[in-house]
Amino acid sequence: MSDQLPSTEWEKVAARDVTTNGITLRVHEHGPQDSGKPLVVLCHGFPELAFSWRHQVLALAEAGYRVIAPDMRGYGGSSRPADPEAYDALTLCADLAGLLDAVGADDAVFVGHDWGASVVWHMAWAHPERVRAVVGMSVPVTPRSPAPPLPIMRKRLGDDFYIVWFQEPGVADRALARNVRRTLVTREIYSAQWAARPDERLAPPRWLGDEELAHYVKTFEATGFTGGLNYYRNMDRTWALTEHLQDRTIDCPALFVTGSKDPVGRFMPDDKMERVLTDLRGRVVLDGAGHWIQQERPQEVNAALLEFLAGLG
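Bear in mind the structure is a predicted one, so any value in this text is a computation, not a measurement.

1. Quick notes on the layout of surface pockets
Gaps between atoms show up when a probe of the same size as a water molecule is rolled over them. When its volume is computed, the largest pocket comes out at roughly 1200 Å³. Every residue lining the largest pocket is counted, 40 residues in all, and those nearest its centre are T142, P143, S145, P149 and M268. Every element with two or more residues in the lining of the largest pocket is listed here: α4 (115-126), α5 (149-157), α6 (162-165) and α12 (235-241). Broken down by class, the residue content of the lining of the largest pocket amounts to 24 nonpolar, eight polar and eight charged.

2. Some details on unusual backbone geometry
Omega for the bond connecting F46 with P47 falls within 30 degrees of zero, at -15°, which places this linkage in the cis form. Phi at D114 is positive, roughly 60°, even though this residue is not glycine. For D114, the location among the structural elements is in the loop between β5 (108-113) and α4. At S138, a residue that is not glycine, the phi angle is positive and equals roughly 80°. Take S138: it is sitting in the loop between β6 (131-137) and α5. By relative accessible area, S138 is classed as buried at 2%.

3. Section: the nonpolar core
If you look at the biggest cluster of nonpolar residues, it comprises 101 residues, and the most contacted ones within it are F46, F110, F166 and I250. Element by element, the count of residues in this core is highest for α4, at eight residues. When near neighbours in sequence (up to four residues on either side) are disregarded, I250 contacts W121, A124, W125, V134, V141, V276, L277, T278 and D279.

4. Things to note about helix α14 (residues 298-310)
For α14, which comprises 13 residues, the first-to-last C-alpha distance of 18 Å matches the rise-based estimate of 18 Å (1.5 Å per residue) to within 8%. All of the buried residues along α14 are P298, V301, N302, A304, L305, F308 and L309. Looking straight down α14, one finds its buried side chains confined to an arc of 160°; they lie on one side. In α14, those exposed residues whose orientation departs by more than 90 degrees from the buried face are Q299, E307 and A310.

5. Considering the pattern of salt bridges
Going through the model one piece at a time under the given rule, you end up with 20 salt bridges. The shortest N-O distance in the salt bridge between D271 and K272 comes to 3.7 Å. E274 is the partner of R283 in a salt bridge, and the nearest nitrogen-oxygen pair spans 3.3 Å. Within this structure, R178, R182, D199 and E200 form a network of salt bridges that share partners.

6. What about the sheet that holds strand β7 (residues 254-259)?
Reading across the sheet, the eight strands line up as β1-β2-β4-β3-β5-β6-β7-β8 and stay open at both edges, with mixed pairing between neighbours. Whereas interior strands pair on both sides, the edge strands pair on one side only; in this sheet they are β1 (14-20) and β8 (280-286). Strand-to-strand twist in this sheet, taken as the mean axis angle between neighbours without regard to direction, amounts to 20°. As paired elements, strand β3 (residues 40-43) and β5 share four bridges and run parallel to each other. Within the sheet, the bridge partner assigned to V40 lies in β5 and is V109. Where helix α3 (residues 89-103) meets the sheet, it contacts β1, β2 (23-30), β3, β4 (67-70) and β5, and its direction lies at approximately 115° from that of β1.

7. A few points about α3
Helix length check: α3 (15 residues) gives 21 Å between terminal C-alpha atoms against 21 Å at 1.5 Å per residue, within 8%. When we look at burial in α3, the residues that qualify are A89, L92, C93, D95, L96, A97, G98, L99, L100 and V103. Sitting at the head of α3, D88 places a side-chain oxygen 3.0 Å from the backbone nitrogen of L90. Looking at the residues trailing α3, positive phi occurs at G104, about 75°.

8. A word on the packing of α3 against α4
At a minimum axis distance of 9 Å, the contact between α3 and α4 shows a crossing angle of 80°. One finds that α3 runs roughly perpendicular with respect to α4. On α4, the residues touching A89, L90, L92, C93, L96 and A97 of α3 are V119, H122, M123 and A126. Tallied by class, residues from the contact of α3 with α4 come to nine nonpolar, one polar and no charged.

9. Some details on the side chain of T183
Positionally, T183 belongs in helix α8 (residues 180-185). Among the polar contacts made by the side chain of T183, one reaches the main-chain carbonyl oxygen of L176 at a distance of 2.7 Å. Ignoring any residue separated from it by four or fewer positions in sequence, one finds T183 in contact with A175, L176, Y190, W194 and F225.

10. Let's talk about the packing of aromatic side chains
Counted by the stated rule, this structure contains 20 aromatic pairs. Ring centres of F161 and F267 lie 5.0 Å apart, and the angle between their planes is 80°; this geometry places the pair in the edge-to-face category. Of this pair, F161 sits in the loop between α5 and α6 while F267 is found in the loop between β7 and β8, placing the two residues 106 residues apart along the sequence. Look at F267 and you get partly exposed, because its relative accessible area is 22%. Seen from their ring centres, W165 and F166 are 5.8 Å apart, and the 40° between their planes marks the pair as tilted. By the burial criterion, W165 is buried, and F166 matches it. Above the face of the Y65 ring, K37 is positioned so that its terminal group lies 4.8 Å from the ring centre.

The rules behind each value
Residues numbered from 1 in each chain as written. Predicted model: local features only at pLDDT ≥ 70, side-chain atom pairs only at ≥ 80, totals over all residues. Heavy atoms only, no water. 1 Å grid on protein atoms, 1.4 Å probe; cavity = no way out; pocket = protein on both sides within 12 Å on 5 of 7 lines; lining within 4 Å. Points joined across faces, edges and corners; volume = space filled by probe spheres on them. Helix = DSSP H or I, 4+ residues; strand = E, 2+ residues; numbered from the N terminus. Nonpolar A, V, L, I, M, F, W, Y, C, P; charged D, E, K, R; others polar. Buried < 20%, exposed > 50% of the residue type's maximum accessible area, 1.4 Å probe, protein only. Core = buried A, V, L, I, M, F, W, Y, C linked by side-chain atoms within 4.5 Å. Contact = heavy atoms within 4.5 Å. Expected span 1.5 Å × (residues − 1). Arc of directions from axis to C-beta. Salt bridge = Lys/Arg side-chain N within 4 Å of Asp/Glu carboxyl O. Pairing = 2+ DSSP bridges. Axes fitted to C-alpha atoms, helices over the stretch in contact; angles between N-to-C directions. Polar contact = N/O pair within 3.5 Å; in protein donor to acceptor, adjacent residues only side chain to side chain. Parallel < 35°, antiparallel > 145°, perpendicular 65-115°, else oblique. Phe/Tyr/Trp six-rings, centres within 6.5 Å; stacked < 30°, edge-to-face > 60°. Lys NZ or Arg CZ within 6 Å of the ring centre and 35° of its normal.

What follows is the structure, given as structure tokens:
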């Protein structure tokens, strides 16, 4: 499969709205219903959509897996609650548990990228009976920090570090929405300095075609970025709400996939994962790849996923 996907291919994927946990998720579903293979649920990050998994949805379905990729709470065609406190990790996990109920599945293999990775790690902690196996991409699982994470980040990385800058309601929201195309194709990490510079017209990365970029731009021009930013604004709240999980390990089969040039590795190293994951079956590092690995290097990501899924038996 080429790096760029014609829109006609994604249009083959059925979409419907599913009610769960008091909201509606726009769900994209593909693949056989009764192959005997586990259900696979793909959870995207920021600023992404279910569309970010377009290469994986098609490849996994072709291999015989039933695949579900929701627009996560706050994104795309899904509900975008106005209350910032509606986006803590346990609430997001409840969305996914309700999604399984709605599609009649006892459990699933959960795969997440970026914020989606954080959500699926928490899913495996909070609802281990619903998680057949778990795959995190770009964001490793880490043991619980000794204190709320935001003051630690502010002290170590400064007020202009993007996660800290995101905290003030409305500020990053307006900056990111001012020029959605620029926001989506920039090679830089978002910051107040980035936002203050004049807009520049940048070419998209080679792995993102014009039709694909237009899909993202149209969607985020309609929704804005506040829903996704609210995930960051609940980091300390999630830390407080998950105190009861602090000594719990994740015992299902697990896989971690990242790019060697992913900037997340600079402040979230993956060297403590074994403290949490008792059945880590692989750490795949794609040489030269950046953060958006499932779109940038789809064939290698698909191969890693299919090998991991085949090993589940």
